[in-house]
Amino acid sequence: MSEAPAVELLWWEGCPSHPDALAELERILGEEGLPADVERVEIESDEHAARERFPGSPTIRIGGRDIVPPGDGEPFTLTCRVYRLRDGRISPTPDPEDVRAAVRRAKEEL
Amino acid sequence: MIGIGDSAPGFSLPDTDGVDHSPAEGGITAVVFTCNHCPYALAWHDRIAATARDYPDVRFLAVNPNDAKRYPRDSYEAMQRRVAEEDWPMPYLRDESQEVARAYGAQTTPDIFVIDAEGRLRYRGAPDSDHRDPAQNASWLREALDSLQAGEAPGRPETKPVGCSVKWK
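Now for a look at the structure at hand. This one's a predicted model, so the numbers in the text were calculated from it and none came from an experiment.

**Focus: the overall build of chain B**
A count of helical and extended segments in chain B gives four helices and nine strands. Beginning at the N terminus, the succession of helices and strands in chain B can be written as β-β-β-α-β-α-β-α-β-β-β-α-β. In terms of overall size, chain B behaves like a compact globule, its C-alpha atoms giving a radius of gyration of 14 Å where 169 residues would be expected to give roughly 15 Å. Counting only residues that meet the buried cut, chain B has 46% of its 169 residues in that class. Of the contacts formed within chain B by residues at least 6 apart in sequence, a portion of 75% connects residues at least 24 apart.

Pasting the structure below:
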């Protein structure tokens with residue numbers, strides 16, 4: 001079996017959603033049995049956002065892939081990210097089932 | 001920055017048609033700092049709009065104070081497009097200088113300030129306790145309006161505003 005993939009949570013302090021996103025991510029990693037520590041990466045400037053290709057806070061990457069890939073032309077800047085839940089509602093954090101699907105994909109690739 | 005019981009600063013700001021609006025004289029006003037790009041403001045928008053429809057005697061003023069240079073989704077043109085595409089029951093005002101947001105001490109979008117008929121601040125904070133739960137129905141804001149319309153002080157005059165930080169220039 002390969003090593004567990006890198007799991008990253010990229011966040012910006014101007015948006016208060018990252019603690020909720022981290023708690024949800026850690027809960028789902030545990031439920032799915034993926035032994036990964038979440039690396040927290042604070043994005044501190046627009047230049048940093050551009051370097052990290054950060055479309056907003058929070059952004060979750062597993063194995064380097066954004067679990068909800070941003071649309072074409074999405075700017076990389078210090079902002080709060082707008083997610084759509086599976087029922088269509090707008091949310092500051094990704095739908096937990098999207099997180100779970102990404103974790104399961106990562107597990108299958110081990 | 002103003003506190004509960006203080007006189008609320010007066011202002012006049014343009015809506016998306018260029019018409020100026022001010023807080024009501026002799027009536028209740030809800031000043032809602034909000035914006036286009038913040039998921040918290042967007043998640044709560046329908047509940048705030050429904051409250052505006054349910055309280056026709058209250059003047060609701062939505063105010064966007066964000067720096068549109070760094071956040072183009074909050075530009076005046078983007079505000080105009082949004083109002084044209086959606087059904088807004090309240091004017092959407094542009095605080096280009098950010099002076100109104102600073103005078104009120106707005107911290108986030110959304111951040112709500114309810115002013116009584118004497119011009120004093122009577123409620124400040126979030127619409128309700130959970131942006132994720134539409135059933136909350138802006139209950140904190142509605143409680144404050146119900147109290148003021150009954151001639152009473154709101155029992156919960158202040159709550160913690162929750163949302164994206166105001167984007168200062």
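**Digging into the pairing of strand β8 (residues 121-125) of chain B**
Residue and element names in this part refer to chain B. Among the five residues of β8, five are classified as buried, and the element is accordingly described as predominantly covered. In this structure, strand β7 (residues 111-115) lies alongside β8, joined through four bridges in antiparallel fashion. Pairing of V114 across the sheet is with Y123, part of β8. Counting the residues in the hairpin turn of β7 and β8 gives five residues, including G119, whose phi is positive at 85 degrees.

**Thoughts on helix α1 (residues 18-32) of chain A**
All names here are of chain A. For α1, with 15 residues, the first-to-last C-alpha span of 21 Å sits near the 21 Å given by 1.5 Å per residue. Considered for burial, the residues of α1 that qualify are H18, A21, L25 and L29. Angular distribution of buried residues about the axis of α1 spans 65 degrees; they occupy a single face of the element. Turned more than 90 degrees away from the buried face of α1, the exposed residues are P19, A23, G30 and E31. Tucked into the core, α1 has its buried residues touching β1 (7-11), β2 (38-42), β3 (59-62) and α3 (96-108). G33 lies just past α1 and shows a positive phi near 70 degrees.

**Concerning unusual backbone geometry**
In this structure, A:P58 follows A:S57 across a cis peptide bond, with omega equal to -5 degrees. Tracing the backbone shows A:P58 in the loop between α2 (46-52) and β3. Of note, the amide linkage connecting B:T109 to B:P110 takes the cis form, showing an omega dihedral of 0 degrees. Structurally, B:P110 can be placed in the loop between β6 (108-109) and β7. Although it is not a glycine, B:A138 adopts a positive phi angle of roughly 55 degrees. Here B:A138 lies in the loop between β8 and α4 (139-149).

**Some words on the environment of B:N137**
All names here are of chain B. Along the chain, N137 falls in the loop between β8 and α4. Each C-alpha atom, one on N137 and one on F60, is 16 Å from the other, the two residues being 77 residues apart in sequence. In this view, N137 contacts R47 and D128; residues no more than four positions away in its chain are not counted.

**A short note on the sheet that holds β2(A)**
All names here are of chain A. Pairing in this open sheet of four strands is mixed, and the strands run β2-β1-β3-β4 from one edge to the other. Where the open sheet ends on each side, the last strands, each with one partner, are β2 and β4 (65-66). As judged from the five bridges shared by β1 and β2, these two strands associate in the parallel manner. Each residue of the ladder has a partner; that of L9, found in β2, is R40. Contacting β1, β2 and β3, α1 runs over the sheet at an angle of about 170 degrees to β1.

**Describing the interface of chain A and chain B**
For an interface, size is often stated in terms of accessible area lost upon the parts coming together. Taken together, the 12 residues of chain A in the interface contact 11 residues of chain B. Grouping the amino acids of the side of chain A that touches chain B by side-chain chemistry returns seven nonpolar, three polar and two charged.

What counts and what doesn't
- Residues numbered from 1 in each chain as written.
- Chains lettered and ligands numbered in written order.
- Predicted model: local features only at pLDDT ≥ 70, side-chain atom pairs only at ≥ 80, totals over all residues.
- Helix = DSSP H or I, 4+ residues; strand = E, 2+ residues; numbered from the N terminus.
- Rg over C-alpha atoms; globule rule 2.2 N^0.38 Å.
- Buried ≥ 20, exposed ≤ 12 C-beta atoms within 10 Å, placed from the backbone.
- Contact = placed C-beta atoms within 7 Å.
- Pairing = 2+ DSSP bridges.
- Expected span 1.5 Å × (residues − 1).
- Arc of directions from axis to C-beta.
- Axes fitted to C-alpha atoms, helices over the stretch in contact; angles between N-to-C directions.
- Nonpolar A, V, L, I, M, F, W, Y, C, P; charged D, E, K, R; others polar.

Nothing here speaks to function; it is geometry throughout.
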